[in-house]
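# Per-entry structural report
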Amino acid sequence: MPSSSPRRRRPPGGITGLPSGSARVSVYAGVDQLTGKEIRLRETVPARATRRETEREAEQPTTGAARQ
């Protein structure tokens, strides 16, 4: 009897640091009704004076994009 593996869920969003010091924010926004593909909203946050400031700034669009 084949074992059915549970479907893996992807996280709703994430922040990725870029080599330039900027951050890329990606948020899951659902599934396209026609194609069945995931819809992800992406935004790039420019680099700030410190990495901590950039991360703090990157967290703000994450919550705003999720509300769209």
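Our structure's up above, just so we're on the same page.
Note that the structure is a prediction, hence the values are computed from the model and not measured.

## Concerning the overall build of the chain
- The secondary structure content of the chain amounts to 1 helix and 3 strands.
- Counting helices and strands in the order they occur from the N terminus, the chain gives β-β-β-α.
- Across the 68 residues of the chain, 18% fall into the buried class.
- A sequence separation of at least 24 residues applies to 31% of the contacts in the chain between residues at least 6 apart.

## Observations concerning the environment of Pro46
- Within the fold, Pro46 resides in the loop between β3 (38-45) and α1 (51-66).
- Here the alpha-carbon distance between Pro46 and Glu57, two residues 11 residues apart in the chain, equals 8.9 Å.
- Here Pro46 is in contact with Ser22 and Thr54, once residues within four sequence places are set aside.

## Some points on the pairing of β3
- Where strand β2 (residues 23-31) meets β3, 7 bridges bridge the pair, whose relative direction is antiparallel. Bridging from a neighbouring strand, Arg24 pairs with Thr44 of β3.
- If you look at the hairpin formed by β2 and β3, you'll find 6 residues sitting between the two strands, and Gly36 has a positive phi there, around 80°.

## Some words on the pattern of salt bridges
- Following the criterion strictly, the structure yields 3 salt bridges and no others.
- A salt bridge links Arg51 to Glu55; the nearest nitrogen and oxygen atoms lie 3.1 Å apart. Here Arg51 pairs with Glu55, and both are found in helix α1, just 4 residues apart, close to one helical turn.

## Some words on the sheet that holds strand β1 (residues 13-17)
- Read from one edge to the other, the open sheet built from 3 strands follows the order β1-β2-β3, with strand pairing classed as antiparallel. The open sheet has two edge strands, β1 and β3, and neither has a second partner. Averaged over all pairs of adjacent strands, the angle between strand axes in this sheet comes to 20°, irrespective of strand direction.
- As defined by bridge partners, β1 adjoins β2 across 5 bridges and the pair is classed as antiparallel. Its bridge partner lying in β2, Ile15 is registered against Val25.

About the cut-offs
- Residues numbered from 1 in each chain as written.
- Predicted model: local features only at pLDDT ≥ 70, side-chain atom pairs only at ≥ 80, totals over all residues.
- Heavy atoms only, no water.
- Helix = DSSP H or I, 4+ residues; strand = E, 2+ residues; numbered from the N terminus.
- Buried < 20%, exposed > 50% of the residue type's maximum accessible area, 1.4 Å probe, protein only.
- Contact = heavy atoms within 4.5 Å.
- Pairing = 2+ DSSP bridges.
- Salt bridge = Lys/Arg side-chain N within 4 Å of Asp/Glu carboxyl O.
- Axes fitted to C-alpha atoms, helices over the stretch in contact; angles between N-to-C directions.

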